[in-house]
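If you want the building blocks of each chain, they are given just below.
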Amino acid sequence: MPHLDRLSSLLSSFEVRAQRMSGPQGSNLFILGDEEEVETLMLFIKGMPQVQPKALAFAKVDLGGEQSPIYTAMPPCIEIDLKQESNLKTIAHLIVCESLRPRCGGQFALDRLCDLMVVNILRTRIAQQIQEPGMFAGLAHAKLRRVMVAMHDHPERNWRVEDFAELATMSRSQFMAEFRAVVGKTPKMYLKEWRMTLARIAIARGDRIKEIAKRFGYSSGDAFCRAFTDTYGVAPSKLVMDKS
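Read on for a plain summary of the structure. (Residues numbered from 1 in each chain as written. Predicted model: local features only at pLDDT ≥ 70, side-chain atom pairs only at ≥ 80, totals over all residues. Heavy atoms only, no water.)

1. Focus: helix H3 (residues 86–100)
Using the following cut-off: Segments assigned H or I by DSSP are reported as helices when at least four residues long, segments assigned E as strands when at least two residues long, and all are numbered from the N terminus. Each helix should span, by expectation, one fewer than its residue count multiplied by 1.5 Å. Exposed residues in this analysis have more than 50% of their type's maximum accessible area, buried residues have under 20%, and partly exposed residues fall in between, with area computed by a 1.4 Å probe over protein chains only. Two residues qualify as a contact provided that any one of their heavy atoms is within 4.5 Å of a heavy atom in the partner residue.
Compared with the 21 Å implied by 1.5 Å per residue over 15 residues, the 21 Å span of H3 between its first and last C-alpha is a close match. Residues of H3 that are buried: Leu-88, Ile-91, Ala-92, Ile-95, Val-96, Cys-97, Glu-98 and Ser-99. Taken together, the buried residues of H3 touch strand S1 (17–21), strand S2 (29–33), strand S3 (38–44), strand S4 (57–62), strand S5 (77–81) and helix H4 (106–127).

2. Regarding the packing of helix H9 (residues 187–205) against helix H11 (residues 221–232)
In plain terms, the rule: In this analysis an axis means a line fitted to C-alpha atoms, helices contributing only their contacting stretch, and an angle means the value between N-to-C directions, from 0 to 180 degrees. Each angle gets one of four labels, with under 35 degrees taken as roughly parallel, over 145 as roughly antiparallel, 65 to 115 as roughly perpendicular, and the rest as oblique. When residue character is reported, Ala, Val, Leu, Ile, Met, Phe, Trp, Tyr, Cys and Pro are called nonpolar, Asp, Glu, Lys and Arg charged, and the others, Gly included, polar.
Running from N to C, H9 and H11 point in directions that differ by 100°, and their axes come no closer than 10 Å. When the axis of H9 is compared with that of H11, the two are roughly perpendicular. Contacts between H9 and H11 pair Lys-192, Met-196, Thr-197, Ala-199, Arg-200 and Ile-203 from the former with Phe-224, Ala-227, Phe-228, Asp-230, Thr-231 and Tyr-232 from the latter. For the contact of H9 with H11, the per-class residue count stands at 7 nonpolar, 2 polar and 3 charged.

3. Details of the layout of surface pockets
Note the following rule: The definitions used throughout rest on a 1 Å grid laid over the protein atoms alone, on which a cavity is an enclosed set of points accommodating a 1.4 Å probe that cannot get out and a pocket is an open set flanked by protein within 12 Å on both sides along at least five of seven lines; lining residues are those having an atom within 4 Å of a point. Grid points are joined across faces, edges and corners, and a volume is the space filled by probe spheres set on the points.
Considering only enclosed or pocket space, the largest pocket measures out at about 400 Å³ in volume. Along the wall of the largest pocket there are 23 residues; nearest its centre are Pro-69, Thr-72, Ala-73, Lys-185 and Glu-193. Only helix H2 (69–73), helix H5 (135–140), H9 and H11 provide two or more residues apiece to the lining of the largest pocket. Among the elements that line the lining of the largest pocket, the one with the most residues is H9, at 5 residues. Class assignment of the residues belonging to the lining of the largest pocket gives a composition of 13 nonpolar, 6 polar and 4 charged. The calculated volume of the second largest pocket comes to roughly 320 Å³. What lines the second largest pocket is a set of 15 residues, and nearest its centre among them are Trp-159, Lys-188, Leu-191, Lys-192 and Arg-195. Counting only elements with at least two residues in the lining of the second largest pocket, the list comes to helix H7 (161–167) and H9. Tallied by class, the residues present in the lining of the second largest pocket amount to 8 nonpolar, 2 polar and 5 charged.

4. A closer look at the packing of aromatic side chains
Rule in force here: Aromatic contacts are taken between Phe, Tyr and Trp rings whose centres are within 6.5 Å, Trp giving its six-membered ring; a plane angle under 30 degrees counts as stacked, one over 60 as edge-to-face, and the others as tilted. In this scheme, Lys NZ or Arg CZ marks a charge over a ring once it lies within 6 Å of the ring centre and within 35 degrees of the ring normal.
Taken as a whole, this structure holds 10 aromatic pairs when the rule is applied. Look at Phe-30 and Phe-44: their rings are 5.8 Å apart centre to centre, the planes differ by 75°, and that puts the pair in the edge-to-face class. Highlighted residues: Phe-30 in strand S2 and Phe-44 in strand S3, separated in sequence by 14 residues. Each ring, one from Phe-179 and one from Tyr-190, has its centre 6.2 Å from the other, and the planes form 75°; the classification is edge-to-face. Here Tyr-190 lies in helix H9 and Phe-179 lies in helix H8 (residues 172–183), a separation of 11 residues in the sequence. The two residues Phe-179 and Tyr-190 agree in class, both being buried. The aromatic ring of Tyr-71 is capped on one face by Lys-46, whose charged end is 5.3 Å from the ring centroid. Residue placement shows Arg-200 over the ring face of Tyr-232; its charged tip is 4.5 Å from the ring centre.

5. Some words on the sheet that holds S3
The condition is simple: Here, a strand pair is defined by DSSP locating no fewer than two bridges between the strands.
Taken in spatial order, the 5 strands of this open sheet run S1-S4-S2-S3-S5, and their pairing is antiparallel. Because the sheet does not close on itself, it has two edges, and the strands there are S1 and S5. Each adjacent strand pair in this sheet contributes to an overall mean axis angle of 20°, direction not counted. Relative to S5, S3 runs antiparallel, the two sharing 5 bridges. Bridge pairing in S5 links Leu-41 to Ile-80. Along the sheet face, H3 touches S1, S2, S3, S4 and S5 and points at about 90° away from the line of S3.

Quick look at the structure:
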């Protein structure tokens, strides 16, 4: 069975980025411990503590902005024991070494390592089998993960509930109940929100509304505009005018 990539569409769609910082100012990711033994990673996503942790290395992580489903699906803070996560510990140790002993190409290497760090944080989030309903719970689910990836990879398809149930190898009624319980909304609503989030990015980029409608599975520009206005309370043409 081919590998199911649960993160690439998310990471590319929302331009998740991380950049190494020289100090705590402007940082939201902190690596704690000492040079010989990195111990803890702390990522503050929604707000910062009044007293910032004393850290060996710092980074600024952008999960694609506050409209990104990655951002909204994350808790305010993630704290990871690096002794329990060998991949993250290796990356964190390399970041610390590059930070403490600057060399040629250091900033480039550090930024790539920070990007790799974020990918592994998200992998860890999925592997933790989150109990709260949401996107990561769906991506972690043994059967629903295929449905989630299908939506993320192919928002343009005219998906039916029966298609999703077949992907999940469940009956229609079982799938509908399980998806709502795990993800916290119906498949139709989740797909609509995913499409609208991508559409908003495309509008901000300057793409034409008719092209966006076709790209995300709407039969006409009018149908797309109705869905967009229903989601955001404003017509896409208003965002285009505000942008100009």
